[in-house]
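Listed here are the chains, written in short residue letters.
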Amino acid sequence: MTTPHHYAHIGERLRSRRQDARLSTEQVARAAGISRALLYRYESGEVVKLEVLEKLARLYETSTGALLGLGNEYITHGMLFFDRQQRLEAEATQMTVVFGPQAYMLSSDAYDTALAERLVDRRDDQTALSPAEADRLMHLLAKRKTTFARNRPALVNIVPVGDIERYLTHGLGGHPLLPAAERAARRLAARREMERLAGLIASPPMGVQVVLTTQPLPTSGFQLLQLPHGRRVLVTSPFRIVEPTNLHYGVAMISEDQEALRLHETLAARLWDTALKGADATAELARLLHAHADTTMAA
């Protein structure tokens, strides 16, 4: 049975899609052959006529099923993905992030400074952005941190130990074309972020829980979001700003499919049950930092 909350979810998707497409209500209304007032009502949760929904799906380059919450949303460009992710997180009341070496919202201001420099480093043309693209991405990321700090959704970050080890070994954006001194400096920056993470594990802010898993992940990581009115969303993506950086290649998926949600929630629960928590997680992170001390202290 279709409920008012279901229609509200459709309205939320229509609004988000319009915003993602950077189209005004006037542009969308004209393309769909409806008034702006009616578009506002649709985006507020009023029942949408099927023929209008089909026009909107074509305009937003998606399917009617995806707008109805029956299909998956696919994104093939990293910048568009991070824009969409920021909008979803702005609504979230609870987040489970299975991803490492850390959830971006928990990183330091120094990390942002280092990342901004990394994004325009032309010595690694596989990941480098233009200055305009880098500015836009850093703006989106700043909004993520600001929104997280303001809204304070509950956050669980399940961090794979293997991701921490790679981060400490290579640093932020370390690659063979860098001089040895710069590679060492990037490893030192990574070490400081992991020391910060150790502090968050030992003394977590209210609503934040960070645990470590020694299990290898079957995917590149995923995110589960709890949104208003009981809406739940699964996000999987190959796009990464944390090492290894990838902004250009892959297909991200945003899904409200109940089976996909159930499977990933079960996986997150299994990882949580076997994860290192509290003092055990702190001890494991201390071990990793000690094991990589020789490569970072030289910087």
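Residues numbered from 1 in each chain as written. Predicted model: local features only at pLDDT ≥ 70, side-chain atom pairs only at ≥ 80, totals over all residues. Heavy atoms only, no water.

Asks: Whenever I open this one, the overall build of the protein chain confuses me. Can you help?
Replies: Within the protein chain, the secondary structure is distributed over 13 helices and seven strands. Its C-alpha atoms put the protein chain at 65 × 40 × 30 Å along the principal axes. Burial analysis of the protein chain (299 residues in total) assigns 50% to the buried set. Long-range pairs, those at least 24 residues apart, make up 74% of the contacts in the protein chain with a sequence separation of at least 6. If you sum the accessible surface of the protein chain, you get close to 14,100 Å²; carbon and sulfur atoms cover 55% of it. Here the protein chain holds 36 positive side-chain charges and 34 negative ones, and the gap between their average locations is 3 Å. (Helix = DSSP H or I, 4+ residues; strand = E, 2+ residues; numbered from the N terminus. Buried < 20%, exposed > 50% of the residue type's maximum accessible area, 1.4 Å probe, protein only. Contact = heavy atoms within 4.5 Å. Areas by Shrake-Rupley, 256 points an atom, 1.4 Å probe, with all protein chains shown as cover. Lys, Arg positive; Asp, Glu negative; His and termini not counted. Charge placed at Lys NZ, Arg CZ, Asp CG, Glu CD.)

Asks: What exactly am I supposed to notice about the sheet that holds strand β7 (residues 252-255) here?
Replies: Adjacent strands of a sheet form backbone hydrogen bonds with each other and so pair up, either parallel or antiparallel. Taken together, seven strands build an open sheet; the order of strands is β1-β7-β6-β5-β2-β3-β4 and the sheet is mixed. Bordering the open sheet on either side are β1 (72-75) and β4 (208-213), each of which pairs with just one other strand. Averaged over all pairs of adjacent strands, the angle between their axes in this sheet comes to 15°, without regard to strand direction. Direction of pairing for strand β3 (residues 154-160) relative to β4: parallel, over a ladder of six bridges. (Pairing = 2+ DSSP bridges. Axes fitted to C-alpha atoms, helices over the stretch in contact; angles between N-to-C directions.)

Asks: Would you mind going over unusual backbone geometry with me for this structure?
Replies: Trans peptide bonds make up most of the peptide bonds, and negative phi angles are found at most residues other than glycine. Each neighbour pair has its own omega, and for G100 with P101 the value is 5°, a cis peptide bond. Phi at R22 is positive, roughly 55°, even though this residue is not glycine. With respect to the secondary-structure elements, R22 resides in the loop between α1 (4-20) and α2 (25-32). A positive phi angle is found at H229, which is not glycine, with a value near 65°. When you line up the elements, H229 lands in the loop between β5 (222-226) and β6 (232-236). Residue classification places H229 among the partly exposed positions, given a relative accessible area of 45%.

These values are about where atoms sit, not about what they do.
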